[in-house]
Amino acid sequence: MSKNFDVVVIGGGPGGYVAAIRAAQLGFSVACIDEWKNAQGGPAPGGTCTNVGCIPSKALLQSSEHYEHANHAFADHGIDVKGLSLNLKQMLARKDTVIKQNNEGILYLLKKNKITFFHGRGSFAKAEGGAYQIQVALAGKDKGAEAITGKHIIIATGSNARALPGAEFDEKQILSNTGALTIDAVPKKLGVIGAGVIGLEMGSVWRRLGAEVTVLEALPTFLAAVDDQISKEAHKLFTKQGLNINLGVKIGAITAGKKGVTVEYVDAKGDAQKTVFDKLIVSIGRTPNTNGLNGESVGLKLDDRGFVAVDDDCKTNLPNVWAVGDVVRGPMLAHKAEEEGVAVAERIAGQHGHVNFNTVPWVIYTSPEIAWVGKTEQQLKAEGIAYKAGTFPFLANGRARALGDTSGMVKFLADAKSDEILGVHIVGPVASELIAEAVVAMEFRASSEDIARICHAHPSLSEATKEAALAVDKRALNF
């Protein structure tokens, strides 16, 4: 006889485990199923984000940034470093420790909230009596299968890296984000296909550690989703650091051999090129993960791109079946998945959970970081919205000078008549933290004047945010 739950969550990534916790807080009996395994075969909840995405990449970005600072920036601070060397094995071990700490933290939270955790792969078996039977293929030490029943099902199965046709991932020479995090020796020549978030972050890590990095991007513009002024500034800074960024590239044959990975491509000028890389990272997007879900057995509808089809409330075509995160429409961001997970749990409880896609922040954790929320200037122009803009460079910020990192700027976009903030864009130090103020402001429909009138601590990087808001009205004080 199967165990019965009010809510069964399939997937223990950011959307899944957060949905499970919120549902438990609301008084439901909850099960969470997740199949990620650690090196010992034990459970490793947290999904792509914790295991091979956000968390480990940030760990390596931090470590590699320390290494670059010691190599190049410490001398300016009067710190002389002699005999500096890279212990890559220890760097990777630290990254693995950070992952383990997060895995264990999630397991603790599930237990604390009395959520029944199943280590394995969940799939639909059948619909019966207004509920759904879920088959769990147990992983790790507990082999076999177990059947459980849930009145409400939340699908949070995430996404997988998209491979180039004819260049499947072997995670040894042709790498996805997974393999890019486990390279055991710094490659002399590293190729990166795709100048998106993953490509730039991973390219930055290995460039700092000594690799010659070439980025090949099919689009003719750099970071097309980013505000033009910000993306141009970022392109200038990354190029100065040593990233070789090629835009408008058409990728041809990719061949892995004993001497490396040969990539044939046509550059923006139309000239044929051929380069041999020691390693090749392919980061051309991600695809929704519905592998083995067996949704067809209960009539679950997918859209034409393979995502689980949902409405604005994350409801699928099936009663009491919901889906959140990367497996549904919208940005593939961990924090978006978390917000949807909370909202769905609250909707199940009869509350009015809400996610505002217009105030979901985006971050690229390069150095400098890039962060933004709301509309870009090119979007406002295309939509015919009258706006005012204000910018302020970190070059004129006292705290940035003291840090020794004055690259980048803050940019505000506000409605020309009402002054309501329509978008905020930052390239510079700790942009990922600074953007939070803009998200709060936009959620409360604040004006640029509101930010300009708020007292910001001095000296702080956040003063650049205030100054950019002042610049909307052409009255910046320090530039």
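In case you missed it, the structure is sitting above this.
Being a predicted model, the structure only gives us computed values, none of them experimental. Within each chain, residues carry numbers counting from 1 in the order of the written sequence. This being a predicted model, a pLDDT of at least 70 is required before a residue's local features are given, and a value of 80 or more before pairs of side-chain atoms are given or counted; all residues contribute to the totals for chains, interfaces and linings. The side-chain quantities take in all heavy atoms of the structure and omit both hydrogens and water.

## Some points on the overall build of the protein
Every helix listed is a DSSP run of H or I at least four residues long, and every strand listed is a run of E at least two residues long, numbered separately from the N terminus. A count of helices and strands for the protein gives 13 helices and 21 strands. Dimensions of the protein along its principal axes, counting C-alpha atoms only, are 70 × 60 × 45 Å. A total of 479 residues make up the protein; the buried ones form 51% of that total. In what follows, residue pairs with any heavy atoms lying within 4.5 Å of each other are defined as contacts. Of the contacts formed within the protein by residues at least 6 apart in sequence, a portion of 61% connects residues at least 24 apart. As displayed, the protein offers around 22300 Å² of accessible surface, 51% of which is attributable to carbon and sulfur atoms. The charge count includes Lys and Arg as positive and Asp and Glu as negative, but it does not include His or the ends of the chains. A charge is said to be at NZ when it belongs to Lys, at CZ for Arg, at CG for Asp and at CD for Glu. Considering the protein, the positive charge centre built from 51 side chains and the negative charge centre built from 52 side chains are found 3 Å apart. Exposed residues in this analysis have more than 50% of their type's maximum accessible area, buried residues have under 20%, and partly exposed residues fall in between, with area computed by a 1.4 Å probe over protein chains only. Each accessible area value is a Shrake-Rupley result obtained with a 1.4 Å probe; residue values ignore everything except the protein chains displayed when judging cover.

## Some thoughts on the sheet that holds strand β8 (residues 189-193)
The strand order β7-β14-β8-β9-β10 describes an open sheet built from 5 strands, whose pairing is parallel. Strands with a single pairing partner mark the edges of an open sheet, and in this sheet they are β7 (174-175) and β10 (244-246). Two strands form a pair only when DSSP identifies at least two bridges running between them. Taken together, the 4 bridges between β8 and strand β14 (residues 279-282) define a ladder with parallel strand orientation. Residue pairing for β14: Val192 is matched across the bridge by Ile281.

## Some details on the packing of aromatic side chains
Centres within 6.5 Å are what make two rings of Phe, Tyr or Trp a pair, Trp counting through its six-membered ring; a difference in plane orientation under 30 degrees is then read as stacked, over 60 as edge-to-face, and the rest as tilted. Scanning all chains against the criterion turns up 5 aromatic pairs. Here Phe222 and Phe238 contribute two aromatic rings whose centre-to-centre distance is 6.2 Å and whose plane-to-plane angle is 80°, an arrangement assigned as edge-to-face. Taken together, the positions of Phe222 in the loop between β9 (212-216) and α7 (228-241) and Phe238 in helix α7 put the pair 16 residues apart, joining distant regions of the chain. One exposure class covers both Phe222 and Phe238, and it is buried. When the ring of Trp362 is compared with that of Trp372, the centres are 5.7 Å apart and the planes differ by 10°; the resulting orientation is stacked. Placement of Trp362 in strand β17 (residues 362-364) and of Trp372 in strand β18 (residues 369-374) is noted, with a sequence separation of 10 residues between them. Among the residues examined, Trp362 registers a relative accessible area of 31% and is labelled partly exposed. Take Trp372: its relative accessible area is 8%, and that puts it in the buried class.

## Brief notes about α7
Turn by turn, an α-helix covers 3.6 residues, leaving residues three or four places apart pointing in a common direction. What a helix should span is 1.5 Å times the count of its residues minus one. Here α7 is 14 residues long and its end C-alpha atoms lie 20 Å apart, about the 20 Å a rise of 1.5 Å per residue gives. Looking at the buried residues of α7, the elements they touch are α6 (197-208), β10, β18, β20 (409-415) and β21 (421-428). Two or three places before Gln229, at the opening of α7, Asp227 has a side-chain oxygen 3.1 Å from that residue's backbone nitrogen. Downstream of α7 by one or two residues, Gly242 has phi in the positive range, about 125°. Polar contact is defined as a pair of N or O atoms within 3.5 Å, subject to the rule that within protein one atom must be able to donate a hydrogen and the other to accept it, and that residues adjacent in sequence are counted only when both atoms are side-chain atoms.

## A few points about helix α8 (residues 334-348)
For α8, built from 15 residues, the straight-helix expectation of 21 Å at 1.5 Å per residue is met to within 8% by its first-to-last C-alpha distance of 21 Å. Here α8 has its buried residues at Lys336, Ala337, Glu340, Gly341, Ala343, Val344, Ala345, Glu346, Arg347 and Ile348. Lining the buried residues of α8 we find β1 (3-10), α1 (14-25), β5 (145-155) and β16 (321-323). Gly350 lies just past α8 and shows a positive phi near 85°.

## Things to note about the environment of Gln378
As for its position among the elements, Gln378 is in helix α9 (residues 377-382). The exposure class assigned to Gln378 is partly exposed, which follows from its relative accessible area of 23%. Considered as a pair, Gln378 and Val410 are 32 residues apart in the sequence and their alpha carbons are 16 Å apart. Once residues within four sequence positions are removed from consideration, Gln378 is found in contact with Ala224, Val226, Asp227 and Asp228.

## What to know about the nonpolar core
Core analysis: the biggest nonpolar cluster contains 37 residues, and Trp206, Phe222, Phe238 and Ile370 have the highest contact counts within it. Aside from chain neighbours lying at most four places away, what touches Ile370 is Leu223, Val226, Ile230, Ala234, Phe238, Trp362, Val363, Ile364, Ile426, Val427 and Ala431. Nine residue types can take part in a nonpolar core, namely buried Ala, Val, Leu, Ile, Met, Phe, Trp, Tyr and Cys, and a core is a set of them joined through side-chain atoms within 4.5 Å. Counting 29 residues, the second-largest nonpolar core is a separate cluster that includes Phe392, Val410, Ala414 and Leu470.

## Side note on the sheet that holds strand β19 (residues 387-393)
Reading across from one edge, β17-β18-β21-β20-β19 is the order of the 5 strands in this open sheet, with antiparallel pairing throughout. The sheet is open, and its two edges are formed by β17 and β19, each paired on a single side. This sheet shows a mean twist of 10° between the axes of neighbouring strands, independent of strand direction. Pairing of β19 with β20 involves 7 bridges; the strand directions are antiparallel. Its bridge partner being in β20, Tyr387 is matched across the sheet by Asp415. Convention adopted: a line fitted to C-alpha atoms gives each axis, helices being fitted over their contacting stretch, and angles between N-to-C directions are expressed from 0 to 180 degrees. Sitting on the sheet, helix α11 (residues 431-443) is in contact with β17, β18 and β21, with an inclination near 10° to β18.

## Side note on unusual backbone geometry
Across the junction of Ser367 and Pro368, the peptide omega takes the value 5°, indicating a cis bond. You can see Pro368 is positioned in the loop between β17 and β18. Cis geometry is found at the peptide bond from His458 to Pro459, where omega equals -5°. Although it is not a glycine, Asn320 adopts a positive phi angle of roughly 65°. Its location among the elements puts Asn320 in the loop between β15 (286-288) and β16. Assessed through its relative accessible area of 28%, Asn320 is described here as partly exposed.

Read these as layout, nothing more, since geometry by itself doesn't imply function.
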